[in-house]
Structure formats: structure tokens, C-alpha cells
Number of protein chains: 2
Amino acid sequence: MTGTALDTALAYHRAWTGHDFDRAMTYVAEDVVCDAPAGRIEGAAAFRDFMGPFTRIVVGTTLIAAFGDDETALLMYDTRTAPVASAPGAEHLTVRDGRITRVRIVFDRLPFDAARKASGVDPAVKINGK
Amino acid sequence: MTGTALDTALAYHRAWTGHDFDRAMTYVAEDVVCDAPAGRIEGAAAFRDFMGPFTRIVVGTTLIAAFGDDETALLMYDTRTAPVASAPGAEHLTVRDGRITRVRIVFDRLPFDAARKASGVDPAVKINGK
């Protein structure tokens, strides 16, 4: 039984914003492909390495908007994070059989880059994909 | 006669991506409030100063997704620009009486910042809102 793409996208979103990233990953396909600001991320393991550290620095989230159709969903949200007070993001997700197969994510890396430079240490968020 | 919020959002989007920014501005309310990565922009004149220069460096766009309801629309698109090859953005728009009254825009300033530093000149895009 699977619901709409938006159901899956929101279940994924609620899980990671609720600090249950393991549960969030149950909605992600093994062969997920994610286009992020720093480039393409392929496969669930690499996606976990990308999103997991970010979710751990999130201290609050607000869902701004969420829409979808049979196969895709589009979300915008704001996050409060340890290094950056307001870090909004948007995600376009493609869902097949209840699993997220494609993600396009847009967010502003600049304040994370500034926070990293100010702190002098590597960020939890791998903004350059390295 | 006004259509849905999505109709207005797409008319605005088609106009600016088609390099008719004056026409795009006809869909924007005089008292528009826009939350952009660099901060809040208030009023149509300030909004024109923010978006206008960006639209002039855009050489191509692809609409990734567009959804809406009675009052709001959510768009994600990719742009090719002179300084940055792929600069995707997302916009959440609130529409009243056929005019855009609120915009929340998300995009990655980092590659524009890098291009500006590499060129040694001020960018057409005022990424820091100054």
C-alpha cells in the first residue's frame, strides 16, 4: 500500500525534521539520485551521508508549502540550525512505489560557508560535497 | 478577471524568463514583501532592483515544477546565467487579486559569490542586498 507522492514526501519530511533520520531513510530508494547545490549524489548511502549530518544540526523547522501530484512533490520549508538561524530549503521529489527516487534540493550554502570560516572548523554540513 | 494564484505565478515567471521584466512587474503588487537569501525586500521598486539585474544575466531557464492553490503557488526552476551555469531557485508566492503580494525565494548564493570574487568586479546580482 502506498499513498500519493506527497504522502511519501511528507512522511519523509516529518521523520527527518522530527530527528528520526533512520525512519526518514525508509522512504528513500536504494538507487536515489539527488541533485544538490554542490552536485549530484547517487545512492542511499551517499544520500545518508549528505542529509544525515544536516538533520543533526537542525533545531527547528517550519513547513512553508507542500504540493504534489501522482509522481512528484514540491516542498519549501525553513529550518533553524545551530550555525545558521534561518536556512530555508526547497525539495522536488519523485516517488515510485512509496520510495523517493529523485531529489532536487535548493538551499543557500553561503551562510553555512560563512559560519564554517568564522568557526575555523569543518562544518557538520558538507556544503562542498567533500 | 483574475485566474488562480498559479496562473499569476506562471504569467510572472514566463514574463521574466522571457526577458520581459516590465511585463513581469505588472503581476507584482506595489506593497510586495519578498524574503530572499540576503533578507527582506519591501515594495515593488526594491523588488525590481533585486530581481531585474538577475533576469538580465539569465540566458536560459527550465521550469522543474509548479503547483498552487487559491492563494499561493510554489515553483522550482533551473536557470543558466552568465556567471553560473546552473542556478536553480524556488519561489513561494502569495497572490491577491491577480497580484503577487508575498514572495519567498530560495537559491544558492555561493556560486555567485565565488564568481564575483573570481571576476574581481561587483556582480549584477546583488547577493548581499547592498
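As a reminder, the structure under discussion sits directly above these lines.
Caption draft 1: A look at the environment of Arg40 of chain B. Residues and elements named next belong to chain B. Its location among the elements puts Arg40 in strand S2 (residues 39–42). Judged by relative accessible area, which is 52%, Arg40 ranks as exposed. Once the C-alpha coordinates of Arg40 and Arg104 are considered, the two residues, 64 residues apart in sequence, prove to be 9.3 Å apart. Side chain to side chain, Arg40 and Asp35 meet in a polar contact 2.9 Å long.

Caption draft 2: Summary view of the sheet that holds S2 of chain B. All names here are of chain B. Pairing is mixed across the open sheet formed by six strands, whose spatial order is S2-S1-S6-S5-S4-S3. Bordering the open sheet on either side are S2 and strand S3 (58–68), each of which pairs with just one other strand. Averaged over all neighbouring strand pairs, the angle between strand axes comes to 20°, with direction disregarded. When S3 meets strand S4 (residues 72–81), the two strands line up antiparallel, connected through nine bridges. Across the sheet, Gly60 pairs through a bridge with Arg80, a residue of S4. Along the sheet, helix H1 (residues 5–17) contacts strand S1 (28–36), S3, S4, strand S5 (89–96) and strand S6 (99–107); its crossing angle with S4, the most-contacted strand, is approximately 15°. On top of the sheet, helix H3 (residues 44–57) reaches S1, S2, S3, S4, S5 and S6; it is set at about 65° to S1, its chief contact.

Caption draft 3: Layout of the interface of chain A and chain B. Each side of the interface is counted separately: chain A has 28 residues, and chain B has 28 residues. A combined buried area of about 2,100 Å² lies between chain A and chain B, and 72% of that area is made up of carbon and sulfur atoms. Put simply, chain A and chain B have four salt bridges between them. The salt bridge involving Asp108 of chain A is made with Arg109 of chain B; its shortest N-O contact spans 2.6 Å. For the pair chain A and chain B, the number of links is three residue pairs in polar contact (both at pLDDT 80 or more). Residue assignment for the side of chain A that touches chain B shows that the elements contributing at least two residues are strand S3 (58–68), strand S4 (72–81), strand S5 (89–96), strand S6 (99–107) and helix H4 (110–119) of chain A. Split by residue class, the side of chain A that touches chain B holds 14 nonpolar, six polar and eight charged.

Caption draft 4: View of helix H3 (residues 44–57) of chain A. Residues and elements named next belong to chain A. Taking 1.5 Å as the rise per residue, H3 with 14 residues should run 20 Å; its terminal C-alpha atoms sit 20 Å apart, in good agreement. Helix geometry: H3 is bent most strongly at Met51, by close to 25°, with proline Pro53 lying one to four residues after it. If you check which residues of H3 are buried, you get Ala44, Phe47, Phe50, Met51, Gly52, Pro53, Phe54, Thr55 and Ile57.

Caption draft 5: Representation of the pattern of salt bridges in the model. Residue and element names in this part refer to chain A. For the structure on display, the rule yields 14 salt bridges over all chains. Asp113 serves as the salt-bridge partner of Arg116, at 2.8 Å between the closest nitrogen and oxygen. Taken together, the residues span about one helical turn, with Arg116 and Asp113 both in helix H4 at a distance of three residues. On the accessibility criterion, Arg116 (23% relative accessible area) is partly exposed.

Caption draft 6: How the structure looks around the packing of aromatic side chains. Applying the stated rule across the entire model yields 13 aromatic pairs over all chains. Here the aromatic rings of Phe47 of chain A and Phe50 of chain A are separated by 6.5 Å at their centres, their planes lie at 55°, and the arrangement is tilted. Pair noted here: Phe47 of chain A and Phe50 of chain A are both in helix H3, with a separation of three residues, about one helical turn. Pair check on accessibility: Phe47 of chain A and Phe50 of chain A agree, each one buried. Here the aromatic rings of Phe54 of chain B and Phe112 of chain B are separated by 6.2 Å at their centres, their planes lie at 75°, and the arrangement is edge-to-face. Residue Phe54 of chain B is found in helix H3, and its partner Phe112 of chain B is found in helix H4 (residues 110–119); the two are separated by 58 residues along the sequence. With respect to burial, Phe54 of chain B and Phe112 of chain B carry one shared label: buried.

About the criteria used
Residues numbered from 1 in each chain as written. Chains lettered and ligands numbered in written order. Predicted model: local features only at pLDDT ≥ 70, side-chain atom pairs only at ≥ 80, totals over all residues. Heavy atoms only, no water. Helix = DSSP H or I, 4+ residues; strand = E, 2+ residues; numbered from the N terminus. Buried < 20%, exposed > 50% of the residue type's maximum accessible area, 1.4 Å probe, protein only. Polar contact = N/O pair within 3.5 Å; in protein donor to acceptor, adjacent residues only side chain to side chain. Pairing = 2+ DSSP bridges. Axes fitted to C-alpha atoms, helices over the stretch in contact; angles between N-to-C directions. Contact = heavy atoms within 4.5 Å. Buried area = accessible area lost by both parts, 1.4 Å probe. Salt bridge = Lys/Arg side-chain N within 4 Å of Asp/Glu carboxyl O. Nonpolar A, V, L, I, M, F, W, Y, C, P; charged D, E, K, R; others polar. Expected span 1.5 Å × (residues − 1). Bend = angle between axes of the 7 residues up to and from the residue. Phe/Tyr/Trp six-rings, centres within 6.5 Å; stacked < 30°, edge-to-face > 60°.

Remember that the coordinates give geometry; whether it matters functionally is a separate question.
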